[in-house]
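Spelled out from the first residue to the last, the chains are:
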Amino acid sequence: MRVAFAVKEWAAIAPSLQSKEQWINWATAPYCPNGTAVVDLPHVPPMARRRLGHLAKMAVSVADAVLVGAQCIDMPIIWASRYGDAERSIALLKSQASDEQLSPTAFALSVHNGVGAQHSILRGIVANAVCIASSRFAPESGVVEAVGMLNDGAAEVLLVCYDAPLPSDYVEFHDEPLTEFAWAVLLGPLSPGGKGFELSTSVEPLFEKHVEPVPGTLPHGLDVLHFLLREQQPNLNCVHESGQWTWERVHA
């Protein structure tokens, strides 16, 4: 399977990394950020802002940053995250184990589509909002879903990828470097003569192929962002391997 697409706009946030200039500099010598990102959402009403957890605020901030330059705000959005807001989920499980009454609001915000739902309400978006969890390969699955929407007639699709370390109760399940991040890319069709990317995978069925994590310095989501940002330096990093997936820079 091969899918081609163009990246028309992007935004990202992580600890000590927020502006495009900071991220482009980071892409020349990537490292795993430490600490907690500072998220400012002055354009979100206070009551709605209080409902959003820290990771959700990060995801909403990059989504809104990209939508500012989009042709149409009411577009399909793909929300891709390996774990989602795990902090809220484990808090609910602990409450249940203690026979405490569960908060319907907390539950609504803990489910995997909670971030996308809150953002759709905030922005009045009625287009498709699809939430994806695909182990380590959430970015690739998000691209496949987005390209499918482009082929169905969408002019642009927003892909938002976000994750944070699991709560300490689940720390033994980590298999990649730990940090929090969120990034968003505005995807469009690859026009003739234009620059873009191609994502391909082996034809071997995924259920017959177990892919072991490859140790590295970055979580997979940031590894993918690093490759996409290398477009700023056209002679470097033209092909990127990630498990059964291959990313490549192409010209239509």
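Residues numbered from 1 in each chain as written. Predicted model: local features only at pLDDT ≥ 70, side-chain atom pairs only at ≥ 80, totals over all residues. Heavy atoms only, no water.

### So, the packing of aromatic side chains
To be explicit about the condition: A pair of Phe, Tyr and Trp rings is counted when the ring centres sit within 6.5 Å of each other, with Trp represented by its six-membered ring. The angle between the planes then sorts it: under 30 degrees is stacked, over 60 is edge-to-face, the rest tilted. The criterion is that NZ of a Lys, or CZ of an Arg, lies within 6 Å of the ring centre and within 35 degrees of the ring normal, and then a charge sits over that ring.
By the definition in use, this model includes 7 aromatic pairs. Here a set of aromatic residues connected by ring pairs shows up, and it is made of Phe5, Phe197, Phe227 and Trp247. The positively charged end of Lys20 is found above the aromatic ring belonging to Trp10, 5.2 Å away from the centroid.

### With respect to unusual backbone geometry
For the record, the criterion: Here a strand is any run of E in DSSP of at least two residues, a helix any run of H or I of at least four, and the numbering for each starts at the N terminus. A 1.4 Å probe rolled over the protein chains alone gives each residue an accessible area, and that area as a share of the maximum for its type sets the label: buried under 20%, exposed over 50%, partly exposed in between.
Unusually for a residue other than glycine, Ser16 sits at a positive phi of about 65 degrees. Within the fold, Ser16 resides in the loop between β1 (2–13) and α1 (20–28). Accessibility expressed as a relative area gives 63% for Ser16, which makes it exposed. Residues other than glycine seldom take positive phi values, yet Ser135 does so here, at roughly 50 degrees. With respect to the element layout, Ser135 can be found in the loop between β3 (129–132) and α7 (138–151).

### Considering empty space enclosed by the protein
Counted only if it meets this: Both cavities and pockets are sets of points on a 1 Å grid over the protein atoms alone; in a cavity a 1.4 Å probe fits but cannot get out, in a pocket the set is open with protein on both sides within 12 Å along at least five of seven lines, and lining residues sit with an atom within 4 Å of a point. Grid points are joined across faces, edges and corners, and a volume is the space filled by probe spheres set on the points. Polar here means any residue outside two lists: the nonpolar Ala, Val, Leu, Ile, Met, Phe, Trp, Tyr, Cys and Pro, and the charged Asp, Glu, Lys and Arg; Gly therefore counts as polar.
This structure, assessed with the given rule, holds 3 cavities of 30 Å³ or more. Roughly 180 Å³ of volume is contained in the largest cavity. If you trace the largest cavity, you find 21 residues lining it, with Arg82, Asp163, Glu176, Phe181 and Pro219 closest to the centre. Counting only elements with at least two residues in the lining of the largest cavity, the list comes to α7, β4 (157–163) and α8 (220–229). Each pocket or cavity is described by its volume, and for the second largest cavity that value is around 50 Å³. Taken together, Arg51, Leu52, Gly53, Ala56, Asp85, Arg88, Leu109, Gly114, Val115 and Gln118 make up the full set of residues lining the second largest cavity. In terms of residues, the lining of the second largest cavity owes the most to one element, helix α6 (residues 114–123), which gives 3 residues. Partitioned by chemical class, the residues of the lining of the second largest cavity number 4 nonpolar, 3 polar and 3 charged.

### What about the confidence of the model for the chain?
Heads up, the rule is: Predictor confidence is given residue by residue as pLDDT, running from a minimum of 0 to a maximum of 100. Residue contacts follow a heavy-atom distance rule, with two residues in contact if any of their heavy atoms lie within 4.5 Å.
With 91% of its residues at a pLDDT of 70 or more, the chain has an overall mean of 87. In the model, residues 205–213 has pLDDT below 50 throughout and makes 9 contacts with residues more than four positions away in sequence or in other chains.

### Some words on the pairing of strand β8 (residues 245–251)
The two faces of the sheet receive side chains in turn, since in a regular strand these alternate between them. Heads up, the condition is: Pairing between two strands is assigned when DSSP locates at least 2 bridges connecting them.
With 5 of 7 residues buried, β8 lies mostly within the body of the structure. Taken together, the 7 bridges between strand β6 (residues 195–201) and β8 define a ladder with antiparallel strand orientation. Its bridge partner being in β8, Lys195 is matched across the sheet by His251.

### Overview of the environment of Ala59
Assignment of secondary structure puts Ala59 in helix α3 (residues 54–67). When the C-alpha positions of Ala59 and Val115 are compared, they lie 7.7 Å apart, and in sequence the two are 56 residues distant.

### Side note on the pattern of salt bridges
The criterion, for reference: In the sections that follow, a salt bridge refers to a side-chain nitrogen of Lys or Arg positioned within 4 Å of a carboxyl oxygen of Asp or Glu.
Considering all chains together, one arrives at 9 salt bridges under this definition. Between Arg123 and Asp64 there is a salt bridge; the shortest N-O distance is 2.8 Å. Remark: Asp64 occurs in helix α3 and Arg123 occurs in helix α6; sequence separation between them is 59 residues. The exposure class of Asp64 is buried, given its relative accessible area of 8%.

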